[in-house]
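# Structural overview for review
Spelled out from the first residue to the last, the chains are:
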Amino acid sequence: MALSFSRTRVALLVGVVAVAGAALALTLWLTGKPAVEPFHGTHQAGITTGPQKFAFVAAFDLTVTSSDGVRELLKAWTRASETLTQGKELGPDTGGAAPPADTGETLGYRASRLTLTFGVGPSVFDGRFGLASRKPAALNSLPTFRGDNLDPAWSDGDLVVQAAADDLQTAYHALHVLTRMAKGSAVLKWVQQGFQPGTEVTPGPGRNLEGFIDGTVNPNTKHEDDMAQVVWAQTPDWMKDGSYLVVRRIRMLAETWDRSSLGDQEKTIGRV
């Protein structure tokens, strides 16, 4: 389990998104979607953002030993994220023996509605950084559920980053850049790639790879009271307007599933 920061209380994600009016208008006319997702806001982008096609979720373990070290990493990620989400190059090559600031996979690409969402895991409050007293009561490691076969290598982490976009390479590039920037401060522990079914083929929730509709009980993001009750955290004060994130990795045994009757499949999923 990880929590995401409030935009208003933490300097992790602060910036102004600008985009050429003509390009924005053309993209809206062609797709009905904005070319660039706003970076500023009460809440982090990537939580209630309209579904993007591709995503990477990655966990990092901190290697710094002080809160100042954590702060500097988050500030560096902030500056990079402000640029990346606008579809801009991180910086020109200055020449010499130093590598360029940008890894180059998306030079000339559009922003593709890239969002970068950040959070911290329970282990950040374990005493290493003097934050034990500020740990939210609800932020704990998930218990082992019946049938789980949890691998420590794919579990937990100090920091979590979600990179999502309508273009696979754009999302990959953002995570690549942030991972490289973390050298000396944090190491990548695990990363999970995914995609969103049904974003253009059908309106509303799409079907998962088992043939069942996903997202049928998601709260309506337009209902502010519902969102405040089930999505946006109200306490502690520093986390107000942030949220909690739970990531579960599920192995799909397609061969076994394909031999099951429709009735058994419906019982397994719990709905038609």
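The structure this text deals with has already been given above.
Throughout this description, residue numbers start from 1 for each chain and increase along the sequence as written. Totals for whole chains, interfaces and linings use all residues, but because this is a predicted model, local features are given only for residues with pLDDT of at least 70 and pairs of side-chain atoms are given and counted only at 80 or more. Side-chain calculation: all heavy atoms of the structure are included, whereas hydrogens and water are not.

### As for the overall build of the protein
Where helices and strands are cited, they refer to DSSP runs of H or I of at least four residues and of E of at least two residues respectively, numbered from the N terminus. The helix and strand inventory of the protein stands at 6 helices and 6 strands. If you list the helices and strands of the protein from N to C, you get β-α-β-α-β-β-α-β-α-β-α-α. Exposure classes here rest on a 1.4 Å probe applied to the protein chains alone. A residue is buried below 20% of its type maximum, exposed above 50%, and partly exposed in between. Across the 272 residues in the protein, those meeting the buried criterion constitute 36%. It only takes one pair of heavy atoms within 4.5 Å for two residues to be counted as in contact. For the protein, contacts bridging at least 24 residues in sequence account for 80% of all contacts bridging at least 6. Accessible areas in this description were obtained via Shrake-Rupley with a 1.4 Å probe; residue shielding takes into account the shown protein chains only. A total of about 15800 Å² of accessible surface is found on the protein, and carbon and sulfur atoms cover 55% of it.

### Section: the packing of aromatic side chains
Each pair of aromatic rings taken from Phe, Tyr and Trp, with Trp reduced to its six-membered ring, is defined by centres within 6.5 Å and is described as stacked if the planes are under 30 degrees apart, edge-to-face if over 60, and tilted in the remaining cases. Scanning the model with the defined rule gives 6 aromatic pairs in all. One aromatic cluster is present, built from ring pairs that chain together Phe60, Trp77 and Phe118. Cation placement over rings: the criterion is NZ of Lys or CZ of Arg within 6 Å of the ring centroid and within 35° of the ring normal. In this arrangement the basic side chain of arginine 249 is found over the ring face of tryptophan 154, its NZ or CZ atom lying 3.5 Å from the centre.

### Let's talk about the pairing of strand 2 (residues 54–62)
Pairing of strand 2 with strand 4 (residues 159–165) involves 7 bridges; the strand directions are antiparallel. Across the sheet, residue alanine 55 finds its bridge partner in strand 4, namely alanine 164. Pairing analysis gives 9 bridges linking strand 2 to strand 5 (residues 186–195), with the strands arranged antiparallel. Within strand 5, the residue paired with alanine 59 across the bridge is tryptophan 190. Between any two strands, at least two bridges found by DSSP are needed for them to pair.

### Things to note about helix 2 (residues 67–84)
End to end, helix 2 covers 25 Å across 18 residues, agreeing with the expected 26 Å (1.5 Å per residue, within 8%). Elements that come into contact with the buried residues of helix 2 comprise strand 2, strand 3 (115–120), strand 4, helix 3 (168–181) and strand 5. Each helix should span, by expectation, one fewer than its residue count multiplied by 1.5 Å.

### Examining the packing of helix 2 against helix 3
Axis definition: a line fitted to C-alpha atoms, limited for helices to the stretch in contact. Angles are taken between N-to-C directions and run from 0 to 180 degrees. Put simply, helix 2 and helix 3 touch, their axes get as near as 10 Å, and they point 155 degrees apart. Between helix 2 and helix 3, the crossing angle belongs to the class labelled roughly antiparallel. The handedness of the crossing between helix 2 and helix 3 is right-handed. Contact with helix 2, carried on its side by Leu73, Ala76, Trp77, Ala80, Ser81 and Leu84, involves His173, Ala174, Val177, Leu178 and Met181 of helix 3 and no other residues of that element. Lys, Arg, Asp and Glu make up the charged group, whereas Ala, Val, Leu, Ile, Met, Phe, Trp, Tyr, Cys and Pro make up the nonpolar group; the residues left over, Gly among them, are polar. Along the lines of polarity and charge, the residues of the contact of helix 2 with helix 3 split into 9 nonpolar, 2 polar and no charged. The scheme is simple: roughly parallel for angles under 35 degrees, roughly antiparallel for over 145, roughly perpendicular for 65 to 115, oblique for anything else. Here is the rule for handedness: rotate from the far helix to the near one, and if that takes an anticlockwise turn smaller than a right angle the crossing is left-handed, while a clockwise turn gives right-handed.

### So, a nonpolar patch on the surface
Candidate patch residues must exceed 30% relative accessible area and have no salt bridge, after which like charges are joined if within 9 Å and Val, Leu, Ile, Met, Phe, Trp or Tyr side chains if within 5 Å. The salt bridge criterion pairs a side-chain nitrogen of Lys or Arg with a carboxyl oxygen of Asp or Glu, the two atoms within 4 Å. A surface patch of nonpolar side chains, amounting to about 470 Å² of accessible area, comprises Phe195, Leu209, Ile250 and Met252. With respect to the secondary-structure elements, isoleucine 250 resides in the loop between strand 6 (243–245) and helix 5 (254–258). Taking the relative accessible area as the measure of exposure, isoleucine 250 reaches 67% and is therefore exposed.

### Quick notes on the environment of glycine 87
Mapped onto the secondary structure, glycine 87 falls in the loop between helix 2 and strand 3. Along the primary structure glycine 87 and valine 36 are separated by 51 residues, whereas in three dimensions their C-alpha atoms are 7.8 Å apart. Apart from residues lying up to four places away in sequence, glycine 87 is in contact with Tyr109 and Ala111.

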